[in-house]
Amino acid sequence: MQDISISRRRFIGYVGTVGLTLGLGSIALTGCGSSASGASASSSSTAKKELSGSITAVGSTALQPLVEAAAEQFMTENAGVQITVQGGGSGQGITQIAQSSVQIGDSDVFAEEKLSNPSDASKLKDNKVCVVGMGPIVNPDVSISDISLADLKKIFMGQATNWNQVGGNDLAITVINRASGSGTRATFEKAVLGSDKTPDSFKPQEQDSSGTVLKMVAETPGAISYLAFSYFADSVKALSVGGVKPETSAVEDNSWTIWAYEHMYTAASPDETTQAFIDYMLGNEVQGSLVTSTGYIAVSGMKVARDKDGNVTKNS
């Protein structure tokens, strides 16, 4: 997996669509800080303890832009810390943290859904850092802007092959799927296909990263796929489903049902530096502004909760 060095002079608070180019590969981020602040930390007993060490976070490309942006900020404040953020999909993230190969496993799904032995999830610590809405995107040549859930299912089951079969123009449908280990795919299929499985005879092309999916849908006439809201861009058209627009408020009350928690799994007892970064992700500097500015949804704003079995309850 290739690492791409990112200049620390880049503005930290970029929006979610900037995550496109970052989502195509992994990122090695190197911390920096001022000597003045370091001197202050060493001379004052009340100053924040200086952190050091390295963290590798692997997994969900849907979550990757937020983790990258937060890592930039965290390392600016902690000169002795280096954080490497990589994609690879939720399955990869869960597998590697379960094997203790990395410090953080990023996932769009609960660990129990990916582990061969679900009980192993008890050995991990689940940190829900935000919620991500996901939805269908199409090439701008597609004439429709809204699609029923039933018609969307027909497309991803291979039962509808031309847009004129679902109320659109006479244009062949090209389905672009995520790879089997993708948490985005698991979330989308659970919401759209339910308990049904894609027929073995239907084999649409698959792509490993959200960034690649965005690029291919934008460039392929008649193409359809699905992405996290944080990857939506003007180069594609995001479809409403059953008259509901893919918006934050619709996710918060579950009228838009294609959404997931974004998990950052760690060991049950993570090292000090990893725990500090998780605390930062859950703190005001990230939750208060960075979550929304990069296209995600704060857990605190949700009017409902969903468990690992998909059961939805209203928050009190």
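To be clear, the structure that these remarks concern was listed above.
Values in this document were obtained by computation on a predicted structure and should not be read as measured data.

Draft legend 1. Layout of the overall build of the protein chain. Scanning the protein chain for helices and strands turns up 10 helices and 16 strands. Expressed as a percentage of contacts within the protein chain between residues at least 6 apart in sequence, the contacts between residues at least 24 apart total 76%. Surface summary for the protein chain: the accessible area is close to 13,600 Å², and the carbon and sulfur share equals 49%.

Draft legend 2. Layout of the side chain of Arg-306. Mapping Arg-306 onto the fold places it in strand β15 (residues 304-306). It turns out Arg-306 is buried and unbridged, and the closest side chain with the opposite charge, Asp-307, is 7.3 Å from it. Those residues in contact with Arg-306 that sit more than four places away from it in its chain are Phe-110, Asn-254, Thr-257, Trp-259, Tyr-261, Asn-311 and Val-312.

Draft legend 3. Spotlight on the nonpolar core. Ranked by size, the top nonpolar core spans 83 residues in total, and within it Ile-155, Trp-163 and Phe-277 carry the most contacts. Setting aside residues no more than four positions away along its own chain, Ile-155 makes contact with Ile-147, Ala-160, Trp-163, Val-166, Ile-173, Val-175, Phe-202 and Ile-224.

Draft legend 4. Just helix α10 (residues 284-293), in detail. Those residues of α10 not exposed but buried are Val-286, Gln-287, Leu-290 and Val-291. Down the axis of α10, the buried side of the element spans an arc of 125°, and every buried residue falls inside it. In this structure, α10 carries Asn-284 and Thr-292 as exposed residues pointing more than 90 degrees from its buried face. Where α10 is buried, its residues contact α3 (64-77), β7 (128-138) and α9 (272-282).

Draft legend 5. Structural view of the environment of Ala-69. Within the secondary structure layout, Ala-69 lies in helix α3. Remark: the alpha-carbon pair of Ala-69 and Thr-294, spanning 225 residues in sequence, is separated by 8.5 Å.

Draft legend 6. Here's a closer look at the packing of α9 against α10. α10 packs onto α9 with a crossing angle of 45° between their chain directions and a minimal axis gap of 4 Å. If you check the angle between α9 and α10, you find them oblique. Seen from α9, the contacting residues are Tyr-280, Met-281 and Leu-282; seen from α10, they are Asn-284, Glu-285, Val-286 and Gln-287. Within the contact of α9 with α10, the residues separate by chemical class into four nonpolar, two polar and one charged.

Draft legend 7. Focus on the environment of Val-85. Residue position: Val-85 is located in strand β4 (residues 80-88). A relative accessible area of 0% places Val-85 in the buried class. Expressed as a C-alpha distance, the spacing of Val-85 and Thr-56, which sit 29 residues apart in the sequence, is 6.0 Å.

Draft legend 8. Representation of the pairing of strand β14 (residues 259-267) in the model. Across the nine residues of β14, eight count as buried, placing the element largely inside the fold. As paired strands, strand β5 (residues 104-107) and β14 are joined by three bridges and run antiparallel to one another. Opposite Asp-106, over in β14, you have Met-264 as the bridge partner. Where strand β6 (residues 124-125) meets β14, two bridges bridge the pair, whose relative direction is antiparallel. Within β14, the residue paired with Lys-125 across the bridge is Thr-266. Bridge analysis of β7 against β14 gives five bridges, and the strand direction is antiparallel. Within β14, the residue paired with Cys-130 across the bridge is Glu-262.

Draft legend 9. Broad picture of the packing of α3 against α10. Interhelical geometry of α3 versus α10 gives an angle of 140° and a closest axis separation of 11 Å. Between α3 and α10, the angle is such that the two are oblique. In the crossing of α3 with α10, the sense of the turn from one axis to the other is right-handed. From α3, Leu-66, Ala-69, Ala-70, Gln-73 and Glu-77 reach across to α10, where they touch Glu-285, Val-286, Leu-290 and Val-291. Its residues assigned to classes, the contact of α3 with α10 comprises six nonpolar, one polar and two charged.

Rules behind the numbers
- Residues numbered from 1 in each chain as written.
- Predicted model: local features only at pLDDT ≥ 70, side-chain atom pairs only at ≥ 80, totals over all residues.
- Heavy atoms only, no water.
- Helix = DSSP H or I, 4+ residues; strand = E, 2+ residues; numbered from the N terminus.
- Contact = heavy atoms within 4.5 Å.
- Areas by Shrake-Rupley, 256 points an atom, 1.4 Å probe, with all protein chains shown as cover.
- Buried < 20%, exposed > 50% of the residue type's maximum accessible area, 1.4 Å probe, protein only.
- Lys, Arg positive; Asp, Glu negative; His and termini not counted.
- Salt bridge = Lys/Arg side-chain N within 4 Å of Asp/Glu carboxyl O.
- Core = buried A, V, L, I, M, F, W, Y, C linked by side-chain atoms within 4.5 Å.
- Arc of directions from axis to C-beta.
- Axes fitted to C-alpha atoms, helices over the stretch in contact; angles between N-to-C directions.
- Parallel < 35°, antiparallel > 145°, perpendicular 65-115°, else oblique.
- Nonpolar A, V, L, I, M, F, W, Y, C, P; charged D, E, K, R; others polar.
- Pairing = 2+ DSSP bridges.
- Left-handed = near helix turned anticlockwise from the far one by under 90°.

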